[in-house]
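Residue-level structure breakdown
One-letter residues, chain by chain:
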Amino acid sequence: MSDPVVIPVPPEWAARAYVDDVKYKAMHASALADPEAFWGVQGQRLDWIKPYTKVKDTSFNEADFHIRWYEDGALNVSANCIDRHLETRGDSVAIIWEGDDPNNSSQITYRELHAEVCRFANVLKKRGVGKGDRVTIYMPMIPEAAYAMLACTRIGAIHSVVFGGFSPESLANRIKDCDSKTVITADEGVRGGKIIPLKANVDAALEHASGVTSVIVVTRTGAGVSMQDGRDVVYEDEAATVSAECAPEPMSAEDPLFILYTSGSTGKPKGVLHTTGGYLVYAAMTHQYIFDYKDGEIFWCTADVGWVTGHTYIVYGPLANGATTLMFEGVPNYPTVSRFWEVIDKHKVNTFYTAPTAIRALMRDGEEPVKRTSRASLRLIGTVGEPINPEAWLWYYRTVGDSRCPVVDTWWQTETGASLIGNLPGATAMKPGSATRPFFGIKPALVDDKGEFLDGAASGNLVLLDSWPGQMRTVYGDHKRFFETYFRTYPGMYFTGDGCRRDEDGYYWITGRVDDVLNVSGHRIGTAEIESALVADTKVAEAAVVGYPHDIKGQGIYCYVTLKAGVTPSDDLKRELIQTVRREIGPTASPDIIQWAPGLPKTRSGKIMRRILRKIAENDVSNLGDTSTLADPSVVDDLVANRAGA
Ligand code: 6R9
């Protein structure tokens with residue numbers, strides 16, 4: 001059966017775009033037929049200090065597992081994102097910053113960006129940071145966050161950006177895992193009119209992460225914050241003492257560029273490591289083709305730089321292409337629910353890229369807050385982070401895009417560096433809810449649980465059969481975990497962790513995670529992390545966490561909690577546990593529902609049967625499947641009878 005809605009490529013898009021359907025097919029086929037030649041040409045979009053002679057050297061097989069791209073080339077990321085544009089567009093705007101307060105915005109030209117980044121790099125050098133050192137960045141959405149990232153790349157330091165919404169505990173774990181000695185933060189952040197005590201969070205984190213010898217504090221609000229002598233410095237004081245010139249460090253293509261922590265199905269978050277050459281080639285190329293970016297256009301990705309989307313499509317992709325990138329400090333509903341659309345009109349944004357959760361939340365407020373703005377500058381709108389339901393897609397297309405802007409749905413992961421599946425606006429007819437077709441050279445496939453290939457229209461586990469330049473190279477400090485997590489399940493293939501359906505037109509429909517990872521408002525959270533936060537409370541004996549469908553967030557967090565003997569369940573205790581999780585991980589992991597569970601459904605070997613817990617959370621209790629293998633089937637009856645909320 002065909003999916004009902006198909007929206008053809010608008011004719012003017014087939015005409016204006018870099019790629020139409022014929023060209024897409026030809027380029028994709030040539031990339032698959034001769035990856036060396038195809039990616040060899042694509043690598044030329046960057047400036048190389050030492051040209052590469054080798055392009056691709058990769059194997060997903062255990063015996064000779066390795067992933068290397070452009071390995072004998074040398075380059076510098078900041079020079080590619082800044083210096084090479086100075087001659088032609090030094091006075092063009094690189095970053096438009098829109099503050100939380102609508103009266104507060106600024107513009108930074110490429111020439112100014114060059115000076116700011118060089119200065120920041122010199123401050124880092126002065127503080128003893130050198131090539132290969134890890135630097136943790138815990139910042140609000142201010143231009144200094146981008147300066148700090150680019151400054152690291154200029155001197156060859158490896159940045160690890162930690163989302164400013166994470167708790168001191170989460171920050172401490174991420175600092176310790178990569179052993180970073182330097183933290184860059186701000187006195188405070190401002191979001192939706194609220195203050196975020198970033199420096200105070202850093203102070204709290206450093207009580208558990210004693211290896212940090214240097215904290216650089218950027219002034220955002222000017223609030224007095226405590227400064228530890230010898231360890232903490234005010235960025236502006238340091239910057240005033242250094243030069244605005246700093247030569248870019250030549251880096252080998254396979255030198256680490258950044259670490260970004262992301263949740264997995266087990267244990268602590270993994271430090272996903274990306275390297276220099278392949279990542280930048282792939283970020284720049286996807287930014288050009290997927291958004292059909294043309295010189296002079298204004299590009300706005302609403303992500304936070306604490307997530308991979310912010311890395312690739314606020315900072316590295318757009319700046320490598322010499323674009324004007326918009327960085328927004330605030331939230332979609334402050335001061336009003338028209339804020340996104342007002343910012344689009346204010347800065348004449350051409351491309352707007354956001355997450356389904358934001359679209360669904362804004363949809364609730366109806367059309368009027370959108371329609372009272374013009375949005376005449378918009379030409380393309382995009383989505384990322386989770387499956388988008390067709391209803392939200394159509395609202396986005398019709399109400400926000402006035403049925404004239406293509407919607408690009410981009411499927412990718414922290415691990416993949418940039419988008420792998422998504423429509424090209426001039427080439428791919430759109431189907432609301434489908435990420436559509438693979439990007440050039442990407443080889444997705446569906447397999448069943450035994451790893452057998454599924455052909456044609458089918459549903460299964462989404463795997464990738466070959467490497468691409470933007471692929472992660474390792475889990476920082478744990479190469480074995482990298483292999484085990486992604487290449488063990490289906491030998492010779494990269495397993496994405498996502499389930500997916502392919503229709504008879506070859507379009508891919510991502511159905512969501514098939515592992516114990518939740519996607520809450522586009523944020524990845526491992527159920528294991530929430531469980532360990534809950535059991536950290538002395539009143540809790542055991543906890544099991546699953547997702548359930550949530551209208552706005554996509555998935556909500558449903559927690560089954562078994563209390564220790566003698567502890568009385570109460571609403572106060574529920575509130576206390578929610579606070580515990582927020583404190584341990586951060587507000588994004590806040591439980592939506594807690595159900596007291598006298599017992600959890602376990603197999604005789606003691607494994608929790610999450611399948612059953614998911615069904616109860618989804619209120620699909622007529623269909624619990626086989627419960628006969630449970631050690632004590634009666635616990636299920638209790639859980640069903642006392643199902644909580646929603
Ligand atoms: C970029 C980013 C990755 C997971 C991924 C998948 C989900 C992302 C999606 C999507 C359906 C899309 N996901 N984009 N699902 N359609 N367009 O989000 O990275 O935070 O690592 O999350 O997000 O489940 O596996 P990350």
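- With an unreviewed UniProt entry as reference, the protein is termed Acetyl-coenzyme A synthetase, source organism Terricaulis silvestris.
- According to the UniProt record, the Catalytic activity (unreviewed entry) comment for the protein is "acetate + ATP + CoA = acetyl-CoA + AMP + diphosphate".
- Under the Cofactor (unreviewed entry) heading, UniProt states for the protein: "Mg(2+)".

Brief notes about the packing of helix α3 (residues 35-42) against helix α11 (residues 276-290)
- Taken N-terminus to C-terminus, the directions of α3 and α11 make an angle of 80 degrees; their axes are 10 Å apart at the nearest point. Compared by their axis directions, α3 and α11 come out roughly perpendicular. Taking contact as the criterion, the partners of Phe 38, Trp 39 and Gln 42 in α3 are, on α11, Val 281, Tyr 282, Met 285 and Tyr 289.
- When grouped by side-chain class, the residues that make up the contact of α3 with α11 number six nonpolar, one polar and no charged.

Notes on the site of the ligand
- In the vicinity of the ligand there are 17 residues, among which Asp 409, Thr 410, Thr 414, Asp 498 and Arg 524 approach most closely.
- Gln 413 has a polar side-chain atom sitting 2.9 Å from an oxygen atom of the ligand.
- For the ligand, an oxygen atom lies 2.5 Å from a polar atom in the side chain of Thr 414.
- Against a free-state accessible area of 530 Å², the protein chains account for coverage of 96% of the ligand.
- Secondary-structure elements contributing two or more residues to the shell around the ligand are α12 (308-320), β20 (407-411) and β27 (508-513).
- Considering every element that reaches the shell around the ligand, the biggest residue donor is β20, with three residues.
- Classifying every residue of the shell around the ligand by side-chain character gives six nonpolar, six polar and five charged.

Quick word on helix α13 (residues 339-347)
- Among all positions in α13, only Arg 339, Phe 340, Trp 341, Val 343, Ile 344 and His 347 are buried.
- Positive backbone phi, approximately 55 degrees, marks Lys 348, located one or two places after α13.

Here we look at the packing of helix α8 (residues 168-177) against helix α9 (residues 198-206)
- For the pair α8 and α9, interaxial distance at closest approach is 8 Å and the crossing angle is 60 degrees. Compared by their axis directions, α8 and α9 come out oblique. Like other packed secondary-structure pairs, α8 and α9 cross with a definite hand, here right-handed. Contact residues: Pro 168, Leu 171, Ala 172 and Ile 175 in α8; Asn 201, Val 202, Ala 204, Ala 205 and Leu 206 in α9.
- Split by residue class, the contact of α8 with α9 holds eight nonpolar, one polar and no charged.

A look at the side chain of Ser 180
- Tracing the chain through its elements places Ser 180 in the loop between α8 and β8 (182-186).
- Residues in contact with Ser 180, not counting those within four places in the same chain, are Arg 134, Val 135, Thr 136, Ile 175, Gly 211 and Val 212.

Some remarks on the packing of aromatic side chains
- One pass over the structure, following the stated rule, counts 47 aromatic pairs.
- Relative to Phe 328, the ring of Trp 300 has its centre 5.6 Å away and its plane inclined at 90 degrees; by these criteria the two rings are edge-to-face. Residue Trp 300 is located in strand β16 (residues 298-301), and its partner Phe 328 is located in strand β17 (residues 324-328); the two are separated by 28 residues in the primary sequence.
- Each ring, one from Tyr 486 and one from Tyr 494, has its centre 5.3 Å from the other, and the planes form 10 degrees; the classification is stacked.
- On the basis of relative accessible area, Tyr 486 is assigned to the buried category, the value being 3%.
- Owing to a relative accessible area of 1%, Tyr 494 belongs among the buried residues under this scheme.
- Counting every residue linked through ring pairs, the aromatic cluster contains Tyr 18, Tyr 24, Phe 38, Trp 39, Trp 48, Tyr 52, Trp 69, Tyr 70, Tyr 282, Tyr 289, Phe 439 and Phe 440.
- Sitting over the face of the ring of Tyr 507, Lys 431 holds its NZ or CZ atom 4.6 Å from the ring centroid.
- Arg 501 extends its terminal NZ or CZ atom over the ring of Trp 509, reaching a point 4.9 Å from the ring centre.

Quick notes on the domain arrangement of the protein
- Segmenting the protein into domains produces domain 1 (11-49 + 74-79 + 275-480 + 496-511), domain 2 (105-252) and domain 3 (521-642).
- Just the C-alpha atoms count here: the centres of domain 1 and domain 3 sit 34 Å apart.
- On the domain 3 side, the residues contacting the ten residues of domain 1 number eight residues.
- The contact between domain 1 and domain 3 buries some 700 Å² in all, and 50% of this surface belongs to carbon and sulfur atoms.
- It is Trp 307, Thr 357 and Arg 360 that lose the most area in domain 1 upon contact with domain 3, and together they represent 56% of the buried surface on that side.

Notes on the UniProt feature "binding site: Mg(2+)" (unreviewed entry) in the protein
- The feature "binding site: Mg(2+)" (unreviewed entry), as given by UniProt, occupies Val 535 and Val 540 in the numbering adopted here.
- Its relative accessible area of 37% is what places Val 535 among the partly exposed residues.
- Contacts of Val 535, omitting those with residues within four sequence positions, involve Val 540, Ala 541, Glu 542 and Ala 543.
- Mapped onto the fold, Val 540 is located in strand β30 (residues 540-550).
- On the basis of relative accessibility, which here comes to 3%, the residue Val 540 falls in the buried class.

Describing α9
- Counted residue by residue, α9 has seven buried out of nine residues, so it is predominantly covered.
- Looking at α9, one finds that the buried residues are Leu 198, Lys 199, Asn 201, Val 202, Asp 203, Ala 205 and Leu 206.

Points about the sheet that holds β17
- The strand order across the open sheet built from eight strands is β5-β4-β17-β16-β18-β19-β20-β21, with neighbouring strands paired in mixed fashion. The open sheet has two edge strands with one neighbour each: β5 (105-109) and β21 (421-422).
- In this structure, strand β4 (residues 93-98) lies alongside β17, joined through four bridges in parallel fashion. Along β17, the bridge assignment pairs Ile 95 with Thr 325.

As for the sheet that holds β27
- Taken together, five strands build an open sheet; the order of strands is β23-β22-β24-β26-β27 and the sheet is antiparallel. Edge positions in the sheet fall to β23 (453-454) and β27, since each has one partner strand and no second.
- Where strand β26 (residues 494-502) and β27 come together, five bridges link them in antiparallel fashion. Looking at the pairing, Gly 499 lines up with Gly 512 of β27.

Reading guide: rules and limits
- Residues numbered from 1 in each chain as written.
- Predicted model: local features only at pLDDT ≥ 70, side-chain atom pairs only at ≥ 80, totals over all residues.
- Heavy atoms only, no water.
- UniProt positions renumbered as here; feature names shortened; annotations may be inferred.
- Axes fitted to C-alpha atoms, helices over the stretch in contact; angles between N-to-C directions.
- Helix = DSSP H or I, 4+ residues; strand = E, 2+ residues; numbered from the N terminus.
- Parallel < 35°, antiparallel > 145°, perpendicular 65-115°, else oblique.
- Contact = heavy atoms within 4.5 Å.
- Nonpolar A, V, L, I, M, F, W, Y, C, P; charged D, E, K, R; others polar.
- Near = heavy atom within 4 Å.
- Polar contact = N/O pair within 3.5 Å; in protein donor to acceptor, adjacent residues only side chain to side chain.
- Areas by Shrake-Rupley, 256 points an atom, 1.4 Å probe, with all protein chains shown as cover.
- Buried < 20%, exposed > 50% of the residue type's maximum accessible area, 1.4 Å probe, protein only.
- Left-handed = near helix turned anticlockwise from the far one by under 90°.
- Phe/Tyr/Trp six-rings, centres within 6.5 Å; stacked < 30°, edge-to-face > 60°.
- Lys NZ or Arg CZ within 6 Å of the ring centre and 35° of its normal.
- Domains from an automatic or database assignment.
- Buried area = accessible area lost by both parts, 1.4 Å probe.
- Pairing = 2+ DSSP bridges.

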